[in-house]
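Tertiary structure, described
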Amino acid sequence: MKPKKQNILFVMFDQLRFDYLGCCGHPHIKTPNIDRLAKKAVRFTHAYAQSTICGASRMSYYTGRYVASHGAAWNDFPLRVGEWTMGDHLRKAGMGCYLVGKTHMRVDAEGMARLGLAAESEVGARQAECGFDVVVREDGLVGQGPEGFYSDQQPYNAYLRSKGYGGENPWADFANAGDENGMTASGWFMRHADKPANIAEQDSETPWLTRQAIRFLENAEGPWCAHVSYIKPHWPYIVPAPYHNMYGPEDVIPVIRSEGERKDPHPLYAAFMESGIAETFTRDEVREKVVPAYMGLISQCDTELGRILDHLERSGQAENTVIVVTSDHGDYLGDHWLGEKDMFHDVSVRVPMIIYDPSPAADSTRGTTCDALVEAIDLTPTFIEIAGGTVPGHIVEGKSLLPLLHGTTPENWRDFVISEYSFAQLPIRKALGVSQRDARMCMIANHDFKMIHVEGGFRPMLFDLRRDHLELEDVGDRPEYAEVKEQLYRQLATWARRDSQRLTLSDEEVERRSAAGPLPNGILVGVFDEADVPQVNRDYYRHNTPERPDTSATRPAASGEPD
């Protein structure tokens, strides 16, 4: 009997730190469902996002390519028309690819107009939605200000209105706000983080999205890849009861930072530390309110993942469904004197990566951890192989994780990981006197060292992870690390010279064209004698000359001669 083709459940939580899970060692957080998945899966302990901002990171997940290759370097930077995506590769291999939730992708509207692609057409819709067939698209940030709404993706707001939640923006008034004496206590103001969100728990964002996912699973015809992309635990930091008081200040783990980090810091690091959100998170009262809410959001996410896992088991789909749980980046939460994400400390750039493969080939690795250096771009080639396709190495830059899932480490596994970030749109660029083109940084890291190169004439930052795994001491200006920096710069230069733009001709086709001997279409270059080429080639040109037409009567007159 032919084995059933596998499906893929690709779950992404937004802004979930790698170390805020029970299975990752957090002493207080309750994540029983993610933990139970990890017990039968492989948990990759050194998985890194390709950027520490939502849009750029996700575009790397969805294309299998580095930020420098796909070019969508920050939120709302459009992914150019024609860029190969996970969905394109999987459909070519016979697998559907569907979206339930967030992508943070901005359509290349100008490119679509230039090519005459209508968004309502099948091709146009996929171009506009990052290669996915959309079940529901909800990016989850429905901020509202003087210029209107931040996001025009609002199916969740429509749902809330259908349930009787009033006002122009129930996302802001109910799902992401509490109540303070009859007044809206908006989650945008972090002093309200300990209040219960002003909404029935079943109507909040995370359960709503779970219902969309289960509805898809009930009707899906395989093989399929379903990207269930939650919009939490991303801020605003407010969560409905009973999760709002599941944790308290006593559950907040000690902050990772030292006074030494603020003494003569790298100019870029100093600029980030002086930002408003960083200064806010230096206050203990902020962490004591925000971190428990963040943990509550994670526990709610875990509960909802459990509902999906239970559905897969009840329906029998778990037997042939690969399950991936990951995140687009982390959250500083005051660590290293920072808030948000943006820089490359582990709490920001490392992501959880848990993969369950139900096939017998993965039995030997169940419940294990793997410390190989893994990148977000590795999921696309992994999924292509699961779908039975061939990974196009001239397009996809990641490496398939299937060998690691099945207990072997390829000899040519990577020696370093890369992450990139553009701060061209941030006020700190002008404060530092850096041009738009130079407002970027790039991380290269291995198990022993992490270096951050900053364009614009700055020295690099460097962390010696062997003796400083918390990354509290920047040794980038220490002369004794000159050789280490030189080696990392050599590797970074090698990476920068990679062949990443030849997308229209496969490696196999290039190899075919480079075969020894004359080209089969009769182009002979540099040949002196007929004997220098095989008989099959010269026969086309070495034979009795065919009859020649008489052209004397039609010969044009010489200049000055009468016709």
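Let me begin by describing the structure that accompanies this report. What you see is a predicted model, and the numbers here were worked out from it, not measured in a lab.

Scanning the protein chain for helices and strands turns up 19 helices and 18 strands. Overall, the C-alpha framework of the protein chain stretches about 105 × 60 × 60 Å when taken along its three principal axes. Classification of the 563 residues of the protein chain by burial places 56% in the buried group. The long-range fraction of contacts in the protein chain, counting pairs at least 24 apart against all pairs at least 6 apart in sequence, stands at 71%. Here the protein chain has roughly 25,600 Å² of accessible surface; of this, 51% comes from carbon and sulfur atoms. Computed over 59 positive and 82 negative side-chain charges, the separation of the two mean positions in the protein chain equals 1 Å.

The next subject is the pattern of salt bridges. Considering all chains together, one arrives at 44 salt bridges under this definition. The salt bridge involving Arg 17 is made with Asp 19; its shortest N-O contact spans 2.9 Å. Using a relative accessible area of 1% as the deciding quantity, one classes Arg 17 as buried. Asp 19 gets classed as buried once you look at its relative accessible area, which sits at 15%. The partner of Arg 262 in a salt bridge is Glu 259, with the nearest N and O atoms 3.5 Å apart. Accessibility expressed as a relative area gives 47% for Glu 259, which makes it partly exposed.

Turning to the sheet that holds strand E15 (residues 417–422), a few remarks are in order. Spatially, four strands are ordered E15-E16-E17-E18 in an open sheet, and the strand pairing comes out antiparallel. Looking at which strands have only one partner, the edges of the open sheet turn out to be E15 and strand E18 (461–464). Strand-to-strand twist of the sheet, defined as the mean angle between neighbouring strand axes without regard to direction, takes the value 10°. Of the strands in this sheet, E15, strand E16 (440–445), strand E17 (449–454) and E18 touch helix H17 (residues 482–496), which is tilted by about 65° from E17.

Another point: helix H2 (residues 54–63). Here H2 lies mainly inside the structure; ten of its ten residues are buried. The set of residues buried in H2 consists of Cys 54, Gly 55, Ala 56, Ser 57, Arg 58, Met 59, Ser 60, Tyr 61, Tyr 62 and Thr 63.

What follows deals with helix H14 (residues 379–386). Where burial is concerned, most of H14 is hidden: seven out of the eight residues are buried. The complete set of buried residues in H14 reads Leu 379, Thr 380, Pro 381, Thr 382, Phe 383, Ile 384 and Ile 386.

What follows is about the environment of Glu 285. Along the polypeptide, Glu 285 turns up in helix H12 (residues 284–315). Distance in space between the C-alpha atoms of Glu 285 and Met 190 is 10.0 Å, their sequence separation being 95 residues. Polar contacts involving the side chain of Glu 285 include one to the side chain of Arg 283, which spans 2.9 Å.

Working note: a packed helix pair is described by the angle between its axes plus the distance between those axes. The geometry of helix H9 (residues 205–219) relative to H12 is characterised by a closest axis approach of 10 Å and an angle of 15° between their N-to-C directions. In terms of their interaxial angle, H9 and H12 are classed as roughly parallel. Relative to H12, the crossing made by H9 is right-handed. From H9, Thr 206, Pro 207, Thr 210, Arg 211, Ala 213, Ile 214, Leu 217 and Glu 218 reach across to H12, where they touch Gln 300, Cys 301, Glu 304, Arg 307, Ile 308, His 311 and Leu 312. Of the residues contributing to the contact of H9 with H12, the split by class is seven nonpolar, four polar and four charged.

Locating Asp 203 in the fold gives a position in the loop between strand E9 (183–186) and H9. Among buried charged residues, Asp 203 stands out as having no salt bridge; its nearest opposite-charge side chain is Arg 211, 4.4 Å away. Side chain to side chain, Asp 203 and Tyr 165 meet in a polar contact 2.8 Å long. Setting aside residues up to four positions removed in sequence, Asp 203 forms contacts with Tyr 156, Tyr 159, Leu 160, Lys 163, Tyr 165 and Arg 211.

Remark on secondary structure: sheet strands pair via backbone hydrogen bonds, oriented parallel or antiparallel. Strand order in the open sheet formed by eight strands is E5-E4-E10-E1-E11-E12-E2-E13, and the pairing between neighbours is mixed. Here the strands that pair on one side only, and so sit at the sheet edges, are strand E5 (133–137) and strand E13 (368–370). Adjacent strand axes in the sheet meet at a mean angle of 15°, parallel and antiparallel pairs treated alike. When strand E1 (residues 7–13) meets strand E11 (residues 321–327), the two strands line up parallel, connected through seven bridges. Paired with Val 11 across the strands is Val 325, a residue of E11. The strands that H2 touches are E1, strand E10 (224–229), E11 and strand E12 (353–356); relative to E1, the one it contacts most, it runs at about 170°.

Among the nonpolar cores identified, the biggest contains 62 residues, and Phe 13, Tyr 20, Tyr 237, Ile 308 and Ile 354 are the most heavily contacted of them. Ranked by the residues each element gives to this core, the list is headed by H12, at twelve residues. With sequence-adjacent residues up to four places away left out, Ile 354 is seen in contact with Leu 21, Cys 23, Ile 34, Leu 37, Ala 38, Ala 41, Val 42, Arg 43, Ile 323, Val 324 and Val 325. Within the second largest apolar cluster, 42 residues are counted, among which are Met 86, Leu 90, Met 95 and Ile 384.

Counting across every chain of the model gives 18 aromatic pairs. Judged by centre distance (5.1 Å) and plane angle (55°), the rings of Tyr 156 and Trp 208 are tilted. Highlighted residues: Tyr 156 in helix H7 (residues 155–162) and Trp 208 in helix H9, separated in sequence by 52 residues. Given the relative accessible area of 0%, Tyr 156 is considered buried. For Trp 208, a relative accessible area of 4% corresponds to the buried category. Ring plane angle 35° and centroid distance 6.4 Å describe the contact between Tyr 159 and Trp 208, whose orientation is recorded as tilted. Taken together, the residues span a long stretch of sequence, with Tyr 159 in helix H7 and Trp 208 in helix H9 at a distance of 49 residues. Given a relative accessible area of 16%, Tyr 159 falls into the buried group.

With seven of seven residues buried, E11 lies mostly within the body of the structure. The two faces of E11 match: Thr 321, Ile 323, Val 325 and Ser 327 on one face and Val 322, Val 324 and Thr 326 on the other face are all buried. Pairing between E11 and E12: four bridges, direction antiparallel. Each residue of the ladder has a partner; that of Val 325, found in E12, is Ile 354.

Cut-off values and rules
Residues numbered from 1 in each chain as written. Predicted model: local features only at pLDDT ≥ 70, side-chain atom pairs only at ≥ 80, totals over all residues. Heavy atoms only, no water. Helix = DSSP H or I, 4+ residues; strand = E, 2+ residues; numbered from the N terminus. Buried < 20%, exposed > 50% of the residue type's maximum accessible area, 1.4 Å probe, protein only. Contact = heavy atoms within 4.5 Å. Areas by Shrake-Rupley, 256 points an atom, 1.4 Å probe, with all protein chains shown as cover. Lys, Arg positive; Asp, Glu negative; His and termini not counted. Charge placed at Lys NZ, Arg CZ, Asp CG, Glu CD. Salt bridge = Lys/Arg side-chain N within 4 Å of Asp/Glu carboxyl O. Pairing = 2+ DSSP bridges. Axes fitted to C-alpha atoms, helices over the stretch in contact; angles between N-to-C directions. Polar contact = N/O pair within 3.5 Å; in protein donor to acceptor, adjacent residues only side chain to side chain. Parallel < 35°, antiparallel > 145°, perpendicular 65-115°, else oblique. Left-handed = near helix turned anticlockwise from the far one by under 90°. Nonpolar A, V, L, I, M, F, W, Y, C, P; charged D, E, K, R; others polar. Core = buried A, V, L, I, M, F, W, Y, C linked by side-chain atoms within 4.5 Å. Phe/Tyr/Trp six-rings, centres within 6.5 Å; stacked < 30°, edge-to-face > 60°.

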